[in-house]
Amino acid sequence: SIPLSFFAGIGGASKEGVLVKGSNYLETLSQVRCVVFDKTGTLTQGVFEVSGVHHNEMENEKLLEYAALAECASSHPISKSLQRAYGKEIDRSRVTDIEEISGHGILAKVDGIPVAAGNSKLMKQLGIPYKDCHSVGTIIHMAVNGSYAGHIVISDIVKPHSKEAIQKLRRSGVRKTVMLTGDTGKVAQAVASELGVDEVYSDLLPGDKVDKVEELLAACQPKEKLAFVGDGINDAPVLSRADIGIAMGAMGSDAAIEAADVVLMDDNPMQIAKAIRISRKCLRIVY
Ligand code: ADP
Ligand code: MG
């Protein structure tokens with residue numbers, strides 16, 4: 001039987017914006033010693049700024065238009081920033097054959113012309129030679145009609161409370177913090193060192209994130225639990241694999257909210273330490 005105060009604990013947590021889906025998760029949450037974060041949208045704003053458009057043959061404006069149109073149906077933070085940078089109304093009837101390849105980018109036809117927007121993995125997959133770019137930021141390579149057309153540099157920004165949230169977790173007895181990302185090593189390292197995250201793994205596809213979480217789970221002591229925190233877009237499999245899956249921001253994807261054990265109502269990473277604190281307080285009352 002479930003002690004009544006477990007219900008009180010869940011109720012109290014929900015008043016603080018921490019939705020716990022079952023009383024058993026309170027106990028797991030209280031034992032979390034390893035916290036694994038997704039980068040984009042979780043530790044960073046997921047609101048990018050376009051910081052440069054570089055082209056070979058095409059006008060910058062035209063390149064940005066192709067990117068914004070091709071991305072018109074995506075809910076990825078990258079897509080949203082491209083829409084914002086383009087700033088004009090998008091006529092969706094110009095865009096057909098849209099295919100989003102998670103961890104890679106977008107394929108679509110714009111005015112019947114094939115357009116690809118994504119990372120170097122996508123260009124390799126298409127067999128399109130691309131120019132390396134040494135700017136700090138997430139590089140979106142563009143191919144138009146089968147040839148390389150240039151790249152767009154966008155920079156992601158760390159959330160205001162991310163660093164404090166990592167420190168708070170450490171003071172709450174979390175032994176290890178880890179960041180996983182599909183972004184490049186350069187961007188990942190910069191964010192990880194700014195935040196003081198213990199370990200960072202980059203260039204990961206959604207499936208690689210599941211494998212990494214399995215490795216980290218195997219490295220935990222028997223009584224130590226692992227939490228994964230993600231904002232949603234293609235994080236569902238990782239959320240279900242962790243001892244406890246935490247979805248951040250109630251505006252996250254439905255699939256993530258479904259797969260998560262704990263849902264944080266706002267997207268402030270300080271809420272993770274708060275969730276652990278609430279669970280421990282509740283268990284002390286019970287035992
Ligand atoms: P993260 O692991 O940081 O949450 P994702 O797994 O969502 O990032 O994406 C990893 C990488 O894949 C991005 O950094 C980007 O290079 C590329 N990518 C993913 N989705 C898109 C998209 N819609 N448009 C362009 N590039 C994308
Ligand atoms: Mg993500």
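Just so you know, these numbers come straight off a predicted model, no measurement behind them.

### Re unusual backbone geometry
Point 1. One non-glycine residue, N145, lies in positive phi territory at about 55°.
Point 2. Topologically, N145 is positioned in the loop between strand 7 (138-144) and strand 8 (147-155).
Point 3. Its 13 C-beta neighbours within 10 Å are what place N145 among the partly exposed residues.
Point 4. The backbone of D203 shows a phi angle near 55°, a positive value even though the residue is not glycine.
Point 5. Turning to its location among the elements, D203 is positioned in the loop between strand 10 (199-201) and helix 9 (206-218).

### Some points on the site of ligand 1
Point 1. The environment of ligand 1 is formed by 22 residues, the closest being T40, H76, G105, N119 and G182.
Point 2. Secondary structure elements with two or more residues in the shell around ligand 1: helix 3 (39-43), helix 5 (77-86), strand 5 (105-110), strand 6 (113-118) and strand 7.
Point 3. Class assignment of the residues belonging to the shell around ligand 1 gives a composition of five nonpolar, twelve polar and five charged.
Point 4. Residues from two domains meet in the shell around ligand 1; each of domain 1 (4-45 + 157-286) and domain 2 (49-155) gives at least three.

### Some thoughts on the environment of A255
Point 1. Looking at where A255 falls in the secondary structure, it is placed in helix 11 (residues 254-259).
Point 2. Exposure remark for A255: the 16 C-beta atoms within 10 Å place this residue in the partly exposed category.
Point 3. Distance in space between the C-alpha atoms of A255 and G232 is 7.2 Å, their sequence separation being 23 residues.

### What to know about the sheet that holds strand 13 (residues 262-264)
Point 1. Across the sheet, seven strands lie side by side as 1-13-12-11-2-9-10; this open sheet has mixed pairing. Of all strands in the sheet, those with a lone pairing partner are strand 1 (18-20) and strand 10, marking the two edges. Averaged over all neighbouring strand pairs, the angle between strand axes comes to 20°, with direction disregarded.
Point 2. As paired elements, strand 1 and strand 13 share three bridges and run antiparallel to each other. Residue pairing in the sheet places V18 in a bridge with L264 of strand 13.
Point 3. Taken strand by strand, helix 2 (residues 23-30) contacts strand 1, strand 2 (32-38), strand 11 (225-230), strand 12 (244-248) and strand 13, and its axis lies near 95° from that of strand 12.

### Side note on the domain arrangement of the chain
Point 1. Each assigned domain of the chain is listed here: domain 1 (4-45 + 157-286) and domain 2 (49-155).
Point 2. Taking the mean C-alpha position of each, domain 1 and domain 2 sit 31 Å from one another.
Point 3. Listed as interface residues are twelve residues of domain 1 and, on the opposing side, nine residues of domain 2.
Point 4. At the level of secondary structure, the elements contributing two or more residues to the side of domain 1 that touches domain 2 comprise helix 3 and helix 8 (185-195).
Point 5. Per-element tally for the side of domain 1 that touches domain 2: the top contributor is helix 8, with three residues.
Point 6. For the side of domain 1 that touches domain 2, a count of residues per class yields six nonpolar, four polar and two charged.

### Some thoughts on the environment of V95
Point 1. Note that V95 resides in strand 4 (residues 95-101).
Point 2. Classification of V95 by C-beta neighbours within 10 Å gives partly exposed; the count is 19.
Point 3. C-alpha of V95 to C-alpha of V115: the two residues are 20 residues apart in sequence and 9.9 Å apart in space.
Point 4. V95 has contacts with L69, A70, C72, A108, K109 and V110, leaving out every residue within four places of it along the chain.

Rules used throughout
Residues numbered from 1 in each chain as written. Chains lettered and ligands numbered in written order. Predicted model: local features only at pLDDT ≥ 70, side-chain atom pairs only at ≥ 80, totals over all residues. Helix = DSSP H or I, 4+ residues; strand = E, 2+ residues; numbered from the N terminus. Buried ≥ 20, exposed ≤ 12 C-beta atoms within 10 Å, placed from the backbone. Near = placed C-beta within 6 Å. Nonpolar A, V, L, I, M, F, W, Y, C, P; charged D, E, K, R; others polar. Domains from an automatic or database assignment. Pairing = 2+ DSSP bridges. Axes fitted to C-alpha atoms, helices over the stretch in contact; angles between N-to-C directions. Contact = placed C-beta atoms within 7 Å.

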